Amino acid sequence: MEALWLWIGFVGMLLGTLYFAFLLTNAPEGTRYFFVITATITGIAAIAYLVMATGSGSTVLPDGREFYWARYIDWVITTPLLLLDLCLLALADPRRNVTFIASLIALDVVMILTGLWAGATVNVAGRAILFIISTAAFIGVLYLLVSRLFAEASRRTPAVAQIFRTLAVLTIVLWICYPIVWLIGTEGFGAVSLSVEVFLFMVLDLLAKVGFGLLLLSSRQALSDIGSGAVAGTARRVA
Ligand code: RET
């Protein structure tokens, strides 16, 4: 059953990538980078799903678990790109916020790498410790998102502020589901089978990447506000 879910993941990511690349041809002036970043996210995931569906993205560990490591290679590249999309939406001048963006992405990479090492560890105590470190980094990511980006986004035009709020809430809710699936799946307590776990990650991945991209790239008003450098009249900050 796992192969079927992985093939569905591959096709969904591929269709998303093709659609986003098609939208790029008609992107509002000055916003092409959103289309490139978002198509790259689904494109990388499509390759990871292809690798997993054809049987080369997983390893059977000494404790008998089949561990899909290829998804972490996908996540370590694509989750920073998703966060970058959110930063570029929320921040009026991303170049003046490089330290903030770098900190957010660094925490995210620590989260995914320690998650990878947790999953690959057969020692139960080691796995628990790495899971806790990964979760701590995740809380850091959520904290930076909530404490900083929401406030920044509210100073942008109403269309930008609105799509940022929608995407940020979608991101927070979906991303919280990942450690839960990990915990109930074969890396954690094994409450659900491997094929259920693969199915759940596939649904989450499609929503967090293709769903996210569809919402972002179809927000024509918000994108053209960004492309034209529009700012919310009364709320412009003088730095
Ligand atoms: C792991 C396990 C260890 C603890 C935590 C995790 C969080 C993973 C997240 C992944 C997000 C992935 C996305 C992928 C593609 O769209 C590594 C599962 C906290 C948040 C959004």
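Scoring rules and cut-offs
Residues numbered from 1 in each chain as written. Predicted model: local features only at pLDDT ≥ 70, side-chain atom pairs only at ≥ 80, totals over all residues. Heavy atoms only, no water. Helix = DSSP H or I, 4+ residues; strand = E, 2+ residues; numbered from the N terminus. Contact = heavy atoms within 4.5 Å. Areas by Shrake-Rupley, 256 points an atom, 1.4 Å probe, with all protein chains shown as cover. Core = buried A, V, L, I, M, F, W, Y, C linked by side-chain atoms within 4.5 Å. Buried < 20%, exposed > 50% of the residue type's maximum accessible area, 1.4 Å probe, protein only. Salt bridge = Lys/Arg side-chain N within 4 Å of Asp/Glu carboxyl O. UniProt positions renumbered as here; feature names shortened; annotations may be inferred. Axes fitted to C-alpha atoms, helices over the stretch in contact; angles between N-to-C directions. Parallel < 35°, antiparallel > 145°, perpendicular 65-115°, else oblique. Left-handed = near helix turned anticlockwise from the far one by under 90°. Nonpolar A, V, L, I, M, F, W, Y, C, P; charged D, E, K, R; others polar. Near = heavy atom within 4 Å. Polar contact = N/O pair within 3.5 Å; in protein donor to acceptor, adjacent residues only side chain to side chain.

1. Some points on the overall build of the chain
The helix and strand inventory of the chain stands at 8 helices and 2 strands. Seen in sequence order, the chain has helices and strands lined up from the N terminus as α-α-β-β-α-α-α-α-α-α. Each of the three principal axes of the chain carries a C-alpha extent, and together these read 60 × 35 × 25 Å. Here the contacts in the chain between residues at least 6 apart in sequence split such that 74% fall between residues at least 24 apart. When the accessible surface of the chain is split by element, carbon and sulfur atoms take 72% of a total near 11,000 Å².

2. As for the nonpolar core
Ranked by internal contacts, the top residues of the largest apolar core, which has 75 residues, are Phe34, Phe35, Leu89, Phe100, Leu149, Phe164 and Trp175. Setting aside residues no more than four positions away along its own chain, Trp175 makes contact with Thr79, Leu82, Leu83, Asp108, Met111, Phe138, Val141 and Ala208.

3. A few points about the pattern of salt bridges
Using the criterion set out here, one finds 6 salt bridges in the structure. Between Asp63 and Arg65 there is a salt bridge; the shortest N-O distance is 3.0 Å. Accessibility expressed as a relative area gives 37% for Asp63, which makes it partly exposed. Since its relative accessible area comes to 11%, Arg65 is described here as buried. Two residues, Glu152 and Arg155, come together in a salt bridge whose shortest N-O distance is 3.7 Å. Note on Glu152: relative accessible area 13%, which makes it buried. A single network of salt bridges, built from pairs that share partners, joins Asp63, Arg65 and Arg127.

4. So, the UniProt feature "transmembrane region" (unreviewed entry) in the chain
Cross-referencing UniProt, the feature "transmembrane region" (unreviewed entry) maps to residues 6-26, 33-52, 72-91, 98-118, 124-146, 167-186 and 198-217 in the present numbering. Helix makes up 95% of residues 72-91 and strand 0%, with an end-to-end C-alpha separation of 28 Å. A helix fraction of 90% and a strand fraction of 0% characterise residues 167-186, whose end C-alpha atoms lie 30 Å from each other.

5. Remarks on the packing of helix H2 (residues 32-53) against helix H3 (residues 70-90)
Between H2 and H3, whose axes approach to 9 Å, the crossing angle comes to 165 degrees. In terms of their interaxial angle, H2 and H3 are classed as roughly antiparallel. Crossing of H2 against H3: the hand is left-handed. Of the residues in H3, those in contact with Tyr33, Phe34, Ile37, Thr38, Thr40, Ile41, Ile44, Ala45, Ala48, Tyr49, Val51 and Met52 of H2 are Ala70, Arg71, Asp74, Ile77, Thr78, Leu81, Leu82, Leu84, Asp85, Leu88 and Leu89. Considered class by class, the residues forming the contact of H2 with H3 number 17 nonpolar, 3 polar and 3 charged.

6. Some remarks on the side chain of Arg127
Examined against the element boundaries, Arg127 turns out to sit in helix H5 (residues 124-153). Arg127 sits in the buried class, given a relative accessible area of 10%.

7. Looking at the site of the ligand
With respect to spatial proximity, 16 residues lie near the ligand, and among them Trp75, Ser134, Trp175, Tyr178 and Lys209 are the closest. In this structure, Lys209 approaches the ligand through a side-chain N or O atom, which is 3.1 Å from an oxygen atom. When the ligand sits alone it has 530 Å² of accessible area, and the protein chains cover 100% of it. Secondary-structure elements contributing two or more residues to the shell around the ligand are H3, helix H4 (98-120), H5, helix H6 (158-184) and helix H7 (194-217). Per-class residue counts for the shell around the ligand are 10 nonpolar, 4 polar and 2 charged.

8. Comments concerning the packing of H3 against H5
The contact between H3 and H5 brings their axes to 9 Å, and the two run at 25 degrees. Classed by the angle they form, the pair H3 and H5 counts as roughly parallel. Seen from H3, the contacting residues are Leu83, Leu86, Cys87 and Ala90; seen from H5, they are Val141, Leu145, Leu149, Glu152 and Ala153. Class assignment of the residues belonging to the contact of H3 with H5 gives a composition of 8 nonpolar, no polar and 1 charged.

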